[in-house]
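# Summary of the model geometry
One letter stands for each residue in the lines below.
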Amino acid sequence: MVLLVASICAMFRPRARSLALFVFGYALFVLAGQQIIATRLDPGYAGDSMLTTVRIVDFPKITGDSVVMEIEAIDDRRVPVRTRVSWFEAPVQPVIGDTWQLELRLRPPRGTLNPGVFDFESWMFREKYRASGYIVNGKRNRLLARGTLTPLDRFRSKFIATAEAATESQSAAAVLAAIGVGARHGITREQWDRFAASGTSHLMAISGLHVGLAALAAFVVSFIVLTPVLRTNAYVTAVVIGAVCALAYSIVSGFGVPARRAIIMLSVVAFTMWRRRQLCPGSTVALAAVVVFLSDPIATMRPGFHLSFAAVVLLLWLARRKDVVKSPWRLVDIPRQLFVMQVFLAFGLLPLTALIFQRFAVAATPVNLVAVPVFSIVTVPLTLAGMVSDSFSPAVAAILLQLAAHSVVGIEWLIAQIVELPFASITLARIPGVAGLILVIPLAWVILPRAWPGRRIAILGVLAIVMWKPAAPPAGCFDAWVLDVGQGLAVTVQTKRRVLLYDTGMAWRSGGSVAEQVIVPFLRSRRIDRIDWLVISHADLDHSGGVSKI
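This is a predicted model, so every value here is computed, not measured.

So, about the sheet that holds strand 10 (residues 479-482). Taken in spatial order, the 4 strands make up an open sheet running 10-11-12-13, and their pairing is mixed. Edge positions in the open sheet fall to strand 10 and strand 13 (533-535), since each of these has one partner strand only. Strand-to-strand twist in this sheet, taken as the mean axis angle between neighbours without regard to direction, amounts to 15°.

Listed below in structure tokens is the structure:
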């Protein structure tokens, strides 16, 4: 707080303004983080059985025999806001809007911490979960009320039901729910793995592409309708209506970081057109980043924040490169422009994807050359049209959503075929220390002009990142990693030529295991693809649970 006040005072001194702005942002971020930590579960209640009344506030996700859901307590200060609980072998299927009396056992958010492995605790922090736990099965758990939905949740639930009824493909219905109302609870882990391996995960999130398409559709319809009525201001009015409709779509879909960025930029565009002012794209992106940060400082920890703004900056930079596109209005140039754009994004976003996901989706460029146009021209417009028409003509909505589902089935078939190819997706090793500077080499393809010979060093940078492998210990020595697996044990020992794995950790009733979530990702991050010796100390589940997954 002292830093925050001091930085505000220092902003009035021109020479110190830049440093003051940096300190102001740092202090604001720390205060937001402290507020999350301060409102976590009271340690005095950790592990205790608490009988309380709660309401399910988001769509539950089913994984095997367990249901994961977000709840909020009703008149019970012991249970913090944004609490995430699991219910194993639930007697009935809980749905959003249900009010239950439940026996909970909670704990502050925590997770395992291993190099090269997804940091679950960090994810819970940036998603602002204050507690996690599970529901104790017993007779005291009972349903008190069903269907206590807000108007927004009722609209989202109705759309999901319509999408599921319109197609027999459960996976396609899950994708329509994701791109329609931002509900991704139906997408399975296998689907996510395929989307990630093919570099198409961005199509499942409500990104600037989806928001822009919603604004474009509303603009076109409004312009056609208003032109005979408002001959002079029809264009500007249609732009404003498009921005408003895009805002409504963003709210329905959850108002994620990419959607917020797109809405702010669309609002600036609509305002400048209304005021007849000239638009500066760079300033618009900067303004959007500042507004997102000021409204939610923790959002800067999310991968979507970095990737969304980086992609926009790259596309704006590409648009300024007059040597890239000769004639944007010639249809024959469109495939070439799409190819140039995808390659440009692949090189420009590789440093971020390598740092955040430790993955290089080699197949991303060819898959996106097909998937992005199909989603932009067919899937998203039909889904939005089905969402709008569902309120006055369910039959029309069913037809539109069925057509959208067919396009999703086709894209998923293409993705399934491509990800099976060798080297479609490569797990990257962690690059430590100063060697991490090779991550910036691919940016030469983005920054340098096309005619410069040094630009092709970016290809060597990509090869260096892909081929990087941590050095094995010298002869006569070994490296040992005791992995953080919670209850149980998993130890990896590596010599110059051999790898030994001692115990494989826990397997859970939900169907997952430590081997899938910790051991295999860790080995891949070390570029270890073969285990020479597997030793299991004894048959207890917390030591042998992951044997089948190794």
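Attention shifts here to the packing of aromatic side chains. In total, this model carries 8 aromatic pairs according to the counting rule given. Between Trp-192 and Phe-195 the ring centres are 6.3 Å apart and the planes differ by 85°, which places this aromatic pair in the edge-to-face class. Taken together, the residues Trp-192 and Phe-195, both in helix 6 (residues 189-197) and 3 residues apart, mark about one turn of the helix. Residue classification places Trp-192 among the partly exposed positions, given a relative accessible area of 24%.

This part covers the layout of surface pockets. In this model, the second largest pocket occupies a volume close to 400 Å³. Among the secondary structure elements, those contributing two or more residues to the lining of the second largest pocket are helix 7 (208-226), helix 8 (234-252) and helix 13 (364-389). Of the residues in the lining of the second largest pocket, the class split is 14 nonpolar, 1 polar and no charged.

Quick look at the pairing of strand 3 (residues 66-73) now. Across a regular strand the side chains alternate sides, sitting on one face of the sheet and then on the other. Summarising burial for strand 3: 6 of the 8 residues are buried, a large majority. Direction of pairing for strand 1 (residues 49-56) relative to strand 3: antiparallel, over a ladder of 3 bridges. Considered in strand 3, the bridge of Ile-56 is made with Ile-71. Judged from the 3 bridges that link them, strand 2 (residues 61-63) and strand 3 form a sheet pairing that is antiparallel. Of the residues in strand 3, the one forming a bridge with Ile-62 is Val-67.

Where helix 9 (residues 257-274) contacts helix 10 (residues 281-295), the axes come no closer than 9 Å and their chain directions differ by 130°. Viewed along their axes, helix 9 and helix 10 adopt a mutual orientation that is oblique. Regarding helix 9 and helix 10, the two cross each other, and that crossing is right-handed. Along the contact surface, helix 9 presents Val-257, Arg-260, Arg-261, Ile-264, Met-265 and Val-268, while helix 10 presents Thr-284, Val-285, Leu-287, Ala-288, Val-291, Val-292 and Ser-295. Looking at the contact of helix 9 with helix 10 residue by residue, the class counts come to 9 nonpolar, 2 polar and 2 charged.

One can describe the packing of helix 4 (residues 151-166) onto helix 14 (residues 394-419) by two numbers: an axis separation of 8 Å at closest approach and a directional angle of 65°. Between helix 4 and helix 14, the crossing angle belongs to the class labelled roughly perpendicular. As helix 4 packs across helix 14, the resulting crossing turns out to be right-handed. For the pair helix 4 and helix 14, contact is made by Phe-159, Thr-162, Ala-163 and Ala-166 and by Ala-398, Leu-401 and Gln-402, respectively. Here the residues of the contact of helix 4 with helix 14 are counted per class, giving 5 nonpolar, 2 polar and no charged.

Turning next to the nonpolar core. Counting residues in hydrophobic clusters, the biggest one holds 49 residues, and the most contacted among them are Leu-176, Val-181, Met-204, Val-211, Tyr-249 and Phe-375. When residues of this core are traced back to their parent elements, those giving at least two are helix 4, helix 5 (170-181), helix 7, helix 8, helix 9, helix 13 and helix 14. Residues within four places of Val-211 in sequence aside, it is in contact with Ile-206, Ala-246, Tyr-249, Ser-250, Ala-259, Ala-262, Ile-263 and Leu-266. Of all hydrophobic cores here, the second largest spans 24 residues; its members include Leu-314, Phe-344, Leu-345 and Leu-350.

What counts, and at which threshold
Residues numbered from 1 in each chain as written. Predicted model: local features only at pLDDT ≥ 70, side-chain atom pairs only at ≥ 80, totals over all residues. Heavy atoms only, no water. Pairing = 2+ DSSP bridges. Helix = DSSP H or I, 4+ residues; strand = E, 2+ residues; numbered from the N terminus. Axes fitted to C-alpha atoms, helices over the stretch in contact; angles between N-to-C directions. Phe/Tyr/Trp six-rings, centres within 6.5 Å; stacked < 30°, edge-to-face > 60°. Buried < 20%, exposed > 50% of the residue type's maximum accessible area, 1.4 Å probe, protein only. 1 Å grid on protein atoms, 1.4 Å probe; cavity = no way out; pocket = protein on both sides within 12 Å on 5 of 7 lines; lining within 4 Å. Points joined across faces, edges and corners; volume = space filled by probe spheres on them. Nonpolar A, V, L, I, M, F, W, Y, C, P; charged D, E, K, R; others polar. Parallel < 35°, antiparallel > 145°, perpendicular 65-115°, else oblique. Left-handed = near helix turned anticlockwise from the far one by under 90°. Contact = heavy atoms within 4.5 Å. Core = buried A, V, L, I, M, F, W, Y, C linked by side-chain atoms within 4.5 Å.

All quantities given are derived from atomic positions and should not be read as evidence of function.
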